[in-house]
Amino acid sequence: MAGLSIWHLLIFAVVVILLFGTSKLKHLGKDVGGAIKDFKKSVKDDEAEQAQLQQPRTIDAQVKTPETSVKS
């Protein structure tokens with residue numbers, strides 16, 4: 001069998017824990033989780049910005065006509 005069994009994965013996990021220790025793995029997990037969270041936030045912000053750019057723009061301006069400028 002060429003695949004990994006559950007025993008292979010368990011032995012690999014034990015070796016990694018013995019080599020790096022649980023505190024380094026905990027910090028690594030926090031760093032990876034923070035990076036993923038920041039990446040998702042930036043993608044969401046970019047999508048919102050793109051959606052805002054694709055909306056048609058309207059111009060709300062007061063136009064002075066000759067009649068209104070004479071009255072003033």
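Preceding this paragraph is the structure being described.
Every value quoted in this text rests on a predicted model; they were computed, and no experiment measured them. (Residues numbered from 1 in each chain as written. Predicted model: local features only at pLDDT ≥ 70, side-chain atom pairs only at ≥ 80, totals over all residues. Heavy atoms only, no water.)

A. Structural detail: the overall build of the protein. In terms of regular secondary structure, the protein is built from 2 helices and 0 strands. Within the protein, buried positions represent 0% of all 72 residues. As displayed, the protein has an accessible area near 7400 Å², and 63% of this comes from carbon and sulfur atoms. (Helix = DSSP H or I, 4+ residues; strand = E, 2+ residues; numbered from the N terminus. Buried < 20%, exposed > 50% of the residue type's maximum accessible area, 1.4 Å probe, protein only. Areas by Shrake-Rupley, 256 points an atom, 1.4 Å probe, with all protein chains shown as cover.)

B. Region of the structure containing a negative patch on the surface. Among the surface-exposed residues, Asp-45, Asp-46, Glu-47 and Glu-49 lie close enough to one another that they form a single negatively charged patch. Position of Asp-45 among the secondary structure elements: in helix α1 (residues 6-54). (Patch = residues over 30% accessible without salt bridge, like charges linked within 9 Å, V, L, I, M, F, W, Y side chains within 5 Å. Salt bridge = Lys/Arg side-chain N within 4 Å of Asp/Glu carboxyl O. Lys, Arg positive; Asp, Glu negative; His and termini not counted. Charge placed at Lys NZ, Arg CZ, Asp CG, Glu CD.)

C. Geometry of α1. For α1, with 49 residues, the first-to-last C-alpha span of 50 Å runs short of the 72 Å given by 1.5 Å per residue. Approximately 95 degrees is the largest bend angle found in α1, and it occurs at Gly-21. (Expected span 1.5 Å × (residues − 1). Bend = angle between axes of the 7 residues up to and from the residue.)

D. Expanded view of a nonpolar patch on the surface. Together, Leu-4, Ile-6, Trp-7, Leu-9 and Leu-10 make up a nonpolar patch on the protein surface, roughly 590 Å² of accessible area in all. With respect to the helices, strands and loops of the structure, Trp-7 is situated in helix α1.

E. Inspection of the environment of Ile-17 at higher detail. Positionally, Ile-17 belongs in helix α1. Those residues in contact with Ile-17 that sit more than four places away from it in its chain are Thr-22 and Leu-25. (Contact = heavy atoms within 4.5 Å.)

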